[in-house]
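Working through the structure, step by step
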Amino acid sequence: MQKIKELIPQPVNMDSTARSLWVMRRALLLSSFPIGVLTLGIPTYGPTKLGLNAVQVGDLLGVYALMMLLMRPFVGPAMDHFGRRRFFIGGMALQLLSNIFFAAGSSFAWLLWGRIAQGIAAGLLWLSAYAITADLAAEGKHGNLFGSVEEMLARGGLYGAAIGAPFLLLTHFDPTAWAIVFAFYAVLNAIGLVWAWRYLPETHPPAQRRDIVITLPALKPTLTHQMLVLIAIVLCTSIAAAALAPITIQFVLNDMKFDVIVVALAYVPSAIVFSFLQSRLGKLADRVGRKRPIAAGLITSGVASLVVPNLILLIPIIGAWVLLPLVAIWISVAIGFSAATPAEQALVADLSSAKSRGTAFGLYTSAQSLGQAIGPTLGGSLYESVAHSAPFYFNTLVLWLGAAILILLIRDPYQRVPKPLQPVLPPAPPSQWPTAGGGK
């Protein structure tokens, strides 16, 4: 009984930034468990158990990004007027509803409604999480805290896959096993929803809110030259990354001739990096500024894209050992983006004011979603019509151009706070609550 009580969050002081961030991060973690299983489950469960064709599977995969794209331009300004908390709570509730739809997923219609609800939930949940983090983050700590938010998405997906995927694989994606897995995810999601409802405060007070006027003049304070350049970079690099994401697995399976289980195991180290290092690597943005980690991540990923298609040349020499350099490349990309993504989000926060931060993140995430919607089709066309290596070289070119434009045209607004010359008293003992970015 005592152990059960320890798992239940105790009442918190809503004035505490660390406690509020802890609640938000744990709620995000519990809502993210289905992500890893759905990546594998939809292309497997749909055709084998429900008889779905390739078009229907594509619809299930694409409707998620479409819903996010449609939601985000409106959610940002709405949050600047109505506050953040209700959108976060709404996203958690819709995420719970999507798990219920998936648990009942005995037909294409159930899965489609689940993906629609999940996409709308993501449009509400993650945008409000970014805005809450930006509101609560102390000066100079944005990079670390944004990294901790990104970690929750990757870590929840990893935990969810570790729990659900073996069960589904051992039962050959039996519909009953599918329902049990998503019912379990729904219970976890419900716990996160209750935590957020009880303990997450409103971080955008009424005094900072403004009326919603969706006009160009109203967006002028947000659409600065610097912000427009950054949004353009985000759009182009998102297109390039999304063009490569589905192609990489196809290339390794079909061109390098590796089994899918081997490829999945080879990806685990980079998944661990995304799940546990983003908050730690996000601290780089608080030490060296925002531009350097972003540029380094883009350049590193570009180099990786250039090398991967040429690994085929090593197969006659070292055979299956070519997996080692492939794993090393994936880890380097994970490290680069684990440092770049929090820095990029911190840069959005730096370039926007408190009154327009929701709108700024709405534009930022809309650019990401648009890129994710365009990229897969473009990547598939390059792969089929030009060459199997074409998406990799396209990705390299776009990422390197993005890094060059970032370095040349964007001014880094972040300034490090100089260390005090006089000795200071030791800090107060840490709270019993974990702080954001602590990882556990």
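Residues numbered from 1 in each chain as written. Predicted model: local features only at pLDDT ≥ 70, side-chain atom pairs only at ≥ 80, totals over all residues. Heavy atoms only, no water.

**Observations concerning the overall build of the chain**
Assigned secondary structure in the chain consists of 18 helices and zero strands. Sequence-distant contacts in the chain: of pairs separated by 6 or more residues, those separated by 24 or more amount to 86%. (Helix = DSSP H or I, 4+ residues; strand = E, 2+ residues; numbered from the N terminus. Contact = heavy atoms within 4.5 Å.)

**A short note on the confidence of the model for the chain**
Residue-level pLDDT values for the chain average 78, and 82% of them are 70 or greater. Here residues 1–15 is modelled with pLDDT under 50, and outside its nearest four sequence neighbours on either side it reaches 16 contacts, counting other chains as well. Scored below 50 in pLDDT, residues 417–440 shows 30 contacts in the model against residues more than four places distant or in partner chains. (pLDDT = per-residue confidence, 0-100.)

**Describing the nonpolar core**
Residues Met24, Leu28, Phe88, Trp178, Phe182 and Phe361 are the most contacted members of the largest nonpolar core, which totals 77 residues. The element contributing the most residues to this core is helix 6 (residues 108–136), with twelve residues. (Core = buried A, V, L, I, M, F, W, Y, C linked by side-chain atoms within 4.5 Å. Buried < 20%, exposed > 50% of the residue type's maximum accessible area, 1.4 Å probe, protein only.)

**Thoughts on the packing of aromatic side chains**
For any two aromatic rings, the description comes down to two numbers: the centre-to-centre distance and the angle of the planes. Inspection of the entire model under this criterion finds eleven aromatic pairs. Residues Phe101 and Trp110 carry aromatic rings whose centres are separated by 5.8 Å and whose planes lie at 45 degrees to one another, so their mutual orientation is tilted. Site record: aromatic cluster; members linked through ring pairs are Phe33, Tyr45, Phe102, Tyr159, Trp178, Phe182, Phe184 and Tyr185. (Phe/Tyr/Trp six-rings, centres within 6.5 Å; stacked < 30°, edge-to-face > 60°.)

**A closer look at the side chain of Glu344**
Considering the arrangement of structural elements, one finds Glu344 in helix 16 (residues 323–350). Contacts of Glu344, omitting those with residues within four sequence positions, involve Val234, Ile294, Tyr364 and Gln368.

**Digging into the environment of Ala65**
For Ala65, the position within the fold is in helix 4 (residues 54–82). Here the alpha-carbon distance between Ala65 and Gln118, two residues 53 residues apart in the chain, equals 9.7 Å.

**Comments concerning a nonpolar patch on the surface**
On the surface, a cluster of nonpolar side chains totalling about 470 Å² of accessible area is made up of Ile299, Val303, Leu306, Val307, Tyr393 and Trp400. Where the nonpolar patch is concerned, the elements lending two or more residues are helix 14 (291–307) and helix 18 (390–409). Of all the elements, helix 14 adds the most residues to the nonpolar patch, at four residues. Relative to the elements of secondary structure, Ile299 occurs in helix 14. Take Ile299: its relative accessible area is 37%, and that puts it in the partly exposed class. (Patch = residues over 30% accessible without salt bridge, like charges linked within 9 Å, V, L, I, M, F, W, Y side chains within 5 Å. Areas by Shrake-Rupley, 256 points an atom, 1.4 Å probe, with all protein chains shown as cover. Salt bridge = Lys/Arg side-chain N within 4 Å of Asp/Glu carboxyl O.)

**Here's the deal with helix 2 (residues 17–31)**
In this model, helix 2 (15 residues) spans 21 Å end to end at C-alpha, consistent with the 21 Å of a helix rising 1.5 Å per residue. Burial of helix 2 is extensive: twelve of the 15 residues sit out of reach of the surface. Within helix 2, burial applies to Ser20, Leu21, Trp22, Val23, Met24, Arg25, Arg26, Ala27, Leu28, Leu29, Leu30 and Ser31. (Expected span 1.5 Å × (residues − 1).)

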